[in-house]
Amino acid sequence: MEKPPPEHCLQVLTTDLNFQNLRAIKVLGKGAMGTVFLVHDPAFGIPFALKVVEKSTLCTKFEAERRARWEIQVLNKLSGSSPSPFLPHLLSSFENSEFLAWAVPFCPGGDLNVLRHRQTDRVFSPAVVRFYLAEIVCALEHLHDMGIVYRDLKPENILVQQSGHVTLTDFDLSRTLRKPTIKTLPSSTHHNLDHQPGSVDFMDRSQKKHNRRNMSRWFPIAASNEKKGLKKAKSARVSPVSRRKPSFVEGERSNSFVGTDEYVSPEVVRGDGHEFAVDWWALGILSYEMLYGTTPFKGRNRKETFRNVLMKQPEFVGKRNDLTDLIERLLEKDPTRRLGFQRGAREIKEHPFFKAVLWDLLTEVSRPPYIPSRDDGDTTGKLTAGGVDIREYFQNLRAPASIPPSPLPSPSPSPSHEGQRNSSLTEF
């Protein structure tokens, strides 16, 4: 059982946000849904990240507002009686006729994508991969136990707390699903831990022919020329799109087309409907990227990427080991054969790659691979004269190009973009 986070991590702003008086230190990031500011208000005593969505009658803004309300609802659920140390909680929220805003804890370590690029070879060692994957598995397990499928796992959505432990962020693409009953599969389709990599034909020939016929409407079936070399994966998000509605006998599945191109699972691409197993697929993609510095199915464009997701097997370098075996099991094309489908996170925790992990004591690790410097977390002395006026920031965004905007810090996805440097991580 996961230990609760330290008491200071559960702090909730006892005073409602006074949006009129808030001054931001800087802009942490800007996306399709809104803008994230770093705010330090002496009345609250702690720095926090403030997500702000500007309301509008425009269709695009209305969709952003709808997703923002859903994220606030999810964060409220995560702030319940048994919070996870690897998931955020809602500090406070605010709404008026112009804006919808909510505060979450600030993570000074930035995200895993930035941290990986700071490494000399832009990859993590297997020991570091083990540490971060273990905490992410616990976060996903907590979400799934609450009936929430995350659907947006990627390095940019994994933040490093001041303690060095990780937390997930951005829940606007998540959704609740009714969990199925205990899944039982014929023994012939069950993967056991004695499996030798590369020894299993993942689908029978009739199923392969069926998939090829279906995919011929999307892609020409031809051998693709794969580019060698490890490059940074793009992070193009796929917005929710309604797909066809097949029937399912167990549990509940979503038919939305959501996620990030290189992290989208085969069942999402096919439009077969999906459930919690999409998060385990994304965990496999994440593991591969942390190990090799690139995603396994990246193509020259979206069409080629999706074709690779459906038809290509992941390629590994060097001698096979427990980590590559874990990745291969998570990247099973058939979700019913994917590691984690039958018994969820318990299956993944039992994999040999995590043999040495003491799951109950993850939060007790005093020296995680990377701990942000205290300077990154101490924001009290970083307020410029007056800080950033949030309302004025949005007014400047709407202003004509001829009107020079107020001087603001350059937006960046996370504070850890500052001072790019190489660093070695503590082995776990």
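Residues numbered from 1 in each chain as written. Predicted model: local features only at pLDDT ≥ 70, side-chain atom pairs only at ≥ 80, totals over all residues. Heavy atoms only, no water.

Some thoughts on the sheet that holds strand β12 (residues 388–389)
Next, step 1: Strand order in the open sheet formed by six strands is β4-β5-β3-β2-β1-β12, and the pairing between neighbours is antiparallel. The open sheet has two free edges, formed respectively by β4 (92–95) and β12, since each of these has just one partner strand.
Next, step 2: Bridge analysis of strand β2 (residues 35–40) against strand β3 (residues 47–54) gives six bridges, and the strand direction is antiparallel. Bridge pairing in β3 links Leu38 to Ala49. (Pairing = 2+ DSSP bridges. Helix = DSSP H or I, 4+ residues; strand = E, 2+ residues; numbered from the N terminus.)

Overview of the packing of helix α3 (residues 126–145) against helix α6 (residues 277–292)
Helix packing geometry: the angle between the two helix axes and the distance between the axes.
Next, step 1: Between α3 and α6, the least distance of the axes is 11 Å, while the angle of their chain directions is 165 degrees. Considering the angle they form, α3 stands roughly antiparallel to α6. When you trace α3 past α6, the crossing you get is right-handed. Within the contact between the two elements, α3 uses Val129, Tyr132, Leu133, Ile136, Val137, Leu140 and His144 and α6 uses Asp279, Trp280, Leu283, Leu286, Ser287 and Met290.
Next, step 2: Of the residues contributing to the contact of α3 with α6, the split by class is ten nonpolar, two polar and one charged. (Axes fitted to C-alpha atoms, helices over the stretch in contact; angles between N-to-C directions. Parallel < 35°, antiparallel > 145°, perpendicular 65-115°, else oblique. Left-handed = near helix turned anticlockwise from the far one by under 90°. Contact = heavy atoms within 4.5 Å. Nonpolar A, V, L, I, M, F, W, Y, C, P; charged D, E, K, R; others polar.)

Focus on the pattern of salt bridges
Any two side chains of opposite charge can pair, on the condition that their charged atoms come close.
Next, step 1: Scanning the entire structure with this criterion turns up 21 salt bridges.
Next, step 2: We note a salt bridge from Glu71 to Lys51, for which the minimum N-O separation is 2.8 Å. Taken together, the positions of Glu71 in helix α1 (residues 59–78) and Lys51 in strand β3 put the pair 20 residues apart, joining distant regions of the chain. Both residues of the pair, Glu71 and Lys51, belong to the buried class.
Next, step 3: With a closest N to O distance of 2.7 Å, Lys51 and Asp170 form a salt bridge. Separated by 119 residues along the polypeptide, Lys51 in strand β3 and Asp170 in the loop between β8 (166–168) and β9 (175–176) bring together distant segments of the chain.
Next, step 4: Salt bridges linked by common partners bring Lys55, Glu65, Arg69 and Glu95 together as one network. (Salt bridge = Lys/Arg side-chain N within 4 Å of Asp/Glu carboxyl O. Buried < 20%, exposed > 50% of the residue type's maximum accessible area, 1.4 Å probe, protein only.)

Brief notes about the environment of Val52
Next, step 1: Here Val52 is to be found in strand β3.
Next, step 2: Each C-alpha atom, one on Val52 and one on Ala103, is 8.9 Å from the other, the two residues being 51 residues apart in sequence.
Next, step 3: Excluding anything up to four places from it in sequence, Val52 contacts Phe19, Gly34, Thr35, Phe37, Phe99, Leu100, Ala101, Ile390 and Phe394.

What to know about the packing of aromatic side chains
Aromatic rings in a pair are described by how distant their centres are and how their planes are angled relative to each other.
Next, step 1: All chains considered together, the criterion is met by twelve aromatic pairs.
Next, step 2: Over the face of the ring belonging to Phe297 we find Lys333, whose NZ or CZ atom lies 4.2 Å from the ring centre. (Phe/Tyr/Trp six-rings, centres within 6.5 Å; stacked < 30°, edge-to-face > 60°. Lys NZ or Arg CZ within 6 Å of the ring centre and 35° of its normal.)

Observations concerning helix α8 (residues 322–330)
Next, step 1: In terms of burial, α8 is a largely internal element, eight of the nine residues being buried.
Next, step 2: Burial in α8 covers these residues: Leu323, Thr324, Asp325, Leu326, Ile327, Glu328, Arg329 and Leu330.
Next, step 3: Looking at the buried residues of α8, the elements they touch are α3, α6 and α9 (345–349).
Next, step 4: A side-chain oxygen of the first residue of α8 lies 3.0 Å from the backbone nitrogen of Leu323; this N-cap is Asn321. (Polar contact = N/O pair within 3.5 Å; in protein donor to acceptor, adjacent residues only side chain to side chain.)

As for the UniProt feature "binding site: ATP" (unreviewed entry) in the chain
Next, step 1: Sequence positions flagged by UniProt for "binding site: ATP" (unreviewed entry) are, in local numbering, Lys51.
Next, step 2: The contact partners of Lys51, leaving out residues within four places of it in the chain, are Thr35, Val36, Glu71, Leu100, Ala101, Trp102, Thr169 and Asp170. (UniProt positions renumbered as here; feature names shortened; annotations may be inferred.)

Remarks on the pairing of β4
Next, step 1: On β4, burial follows the alternation: Ser92 and Phe94 on one face are buried, whereas Ser93 and Glu95 on the facing-out side are not.
Next, step 2: Judged from the four bridges that link them, β4 and strand β5 (residues 99–105) form a sheet pairing that is antiparallel. Bridging from a neighbouring strand, Glu95 pairs with Leu100 of β5.
Next, step 3: Joining the antiparallel neighbours β4 and β5 is a turn of three residues.

Here we look at the environment of His89
Next, step 1: In this structure, His89 sits in the loop between α1 and β4.
Next, step 2: Along the chain, His89 and Ala103 lie 14 residues apart, while their C-alpha atoms are 8.9 Å from each other.

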